[in-house]
Number of protein chains: 2
Amino acid sequence: MGEVKHLCLVKFKEEVLVDDILQGMTKLVSEMDMVKSFEWGKDVLNQEMLTQGFTHVFSLTFASSEDLTSYMSHERHLEFAGTFMAAIDKVVVIDFPVVIAKPASPAPAPPAAA
Amino acid sequence: MGEVKHLCLVKFKEEVLVDDILQGMTKLVSEMDMVKSFEWGKDVLNQEMLTQGFTHVFSLTFASSEDLTSYMSHERHLEFAGTFMAAIDKVVVIDFPVVIAKPASPAPAPPAAA
């Protein structure tokens, strides 16, 4: 069994200081050893028809589903989840085992000399 | 500027053969050099309140926003997009520069001998 991802798409409430939420999440995740990696991003194309109003993506990677469960039920995650849920207008959460259909290649070799 | 991701959350129509769509997408992406990597997954927790009915995630990674633009406007992508859009009940698409807030560590070293 490979990696498992916990993915959240979020639309924040208008008055929310998103930077504060991001700082809190980064701090929490950096201190939780069962979180293998964490990346996030903000939509840049702003096509409402496609984004449905969602603006941010948060993606946590775990080495196993046990680590995901351990994180989700951890006291500190639950505490942060309360703050997080109060800050959002809507959210979609998907948890899935990662299927790598096209792996990233290593950095390309320099072109061969002619 | 780092990597850019093109993320789709999807709910397929009931009668759709998802495996066929997945095969088509994997084939397309494997043949498009500007797609750096492609991973997908199917939600396993099935909590309708959280997933809003979305079941699948598709995540394409590009080395740059230029590569994303090149992919999105490519004839073969547009052709596949027609098939894809006909197969889905709903979709959310987010395009974002990736911010790595907690990088994955290298594989841990074996424990030191006592």
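Since this is a predicted model, take the numbers as computed values, not measurements.

All right, on to the overall build of chain A then. Helix and strand counts for chain A come out as four helices and five strands. A compact globule built from 114 residues should have a C-alpha radius of gyration of about 13 Å, whereas chain A, at 17 Å, is more than 25% larger. With 114 residues in all, chain A has 45% of them scored as buried. For chain A, restricting intrachain contacts to residue pairs at least 6 apart in sequence, the fraction spanning at least 24 positions comes to 79%. On chain A, the mean spot of the 9 positive side-chain charges and the mean spot of the 16 negative ones are 5 Å from each other.

Across a sheet, paired strands are connected by hydrogen bonds in the backbone, their directions being either parallel or antiparallel. Strand order in the open sheet formed by five strands is E4(A)-E1(A)-E3(A)-E2(A)-E5(B), and the pairing between neighbours is antiparallel. Of all the strands in the sheet, the pair left with one neighbour each is strand E4 (88-97) of chain A together with strand E5 (99-102) of chain B. Sheet twist, expressed as the mean angle between neighbouring strand axes with direction ignored, is 20°. As judged from the six bridges shared by strand E2 (residues 37-42) of chain A and strand E3 (residues 56-62) of chain A, these two strands associate in the antiparallel manner. Bridging across to E3(A), Phe38(A) finds its partner in Leu60(A). Those strands touched by helix H4 (residues 75-87) of chain A are strand E1 (4-12), E3 and E4 of chain A, and its axis lies near 130° from that of E4(A).

Two chain copies, one operation linking them: a rotation about an axis together with a shift along it. After a rotation of 180° and a shift along the axis of 0.0 Å, chain A superposes on chain B with an RMSD of 0.0 Å. Taken together, the rotation angle and the small translation identify this as a two-fold axis. A shared interface surface links the copies, since 98% of the contact residues of chain A are contact residues in chain B too.

It is worth spelling out the interface of chain A and chain B at this point. With 40 residues of chain A at the interface, the matching set in chain B holds 39 residues. A buried area of about 3,300 Å², summed over both sides, lies between chain A and chain B, and 65% of it is on carbon and sulfur atoms. In this assembly, chain A and chain B are joined by two salt bridges. The interface formed by chain A and chain B includes 22 residue pairs in polar contact (both at pLDDT 80 or more). Of all elements in the fold, only E1, helix H1 (18-31), E2, helix H2 (48-51), E4 and strand E5 (99-102) of chain A reach the threshold of two or more residues within the side of chain A that touches chain B. The dominant element in the side of chain A that touches chain B, judged by the number of residues it contributes, is E4(A), at seven residues.

Parameters at a glance
Residues numbered from 1 in each chain as written. Chains lettered and ligands numbered in written order. Predicted model: local features only at pLDDT ≥ 70, side-chain atom pairs only at ≥ 80, totals over all residues. Heavy atoms only, no water. Helix = DSSP H or I, 4+ residues; strand = E, 2+ residues; numbered from the N terminus. Rg over C-alpha atoms; globule rule 2.2 N^0.38 Å. Buried < 20%, exposed > 50% of the residue type's maximum accessible area, 1.4 Å probe, protein only. Contact = heavy atoms within 4.5 Å. Lys, Arg positive; Asp, Glu negative; His and termini not counted. Charge placed at Lys NZ, Arg CZ, Asp CG, Glu CD. Pairing = 2+ DSSP bridges. Axes fitted to C-alpha atoms, helices over the stretch in contact; angles between N-to-C directions. Least-squares fit on C-alpha atoms with pLDDT ≥ 70 in both. Buried area = accessible area lost by both parts, 1.4 Å probe. Salt bridge = Lys/Arg side-chain N within 4 Å of Asp/Glu carboxyl O. Polar contact = N/O pair within 3.5 Å; in protein donor to acceptor, adjacent residues only side chain to side chain.

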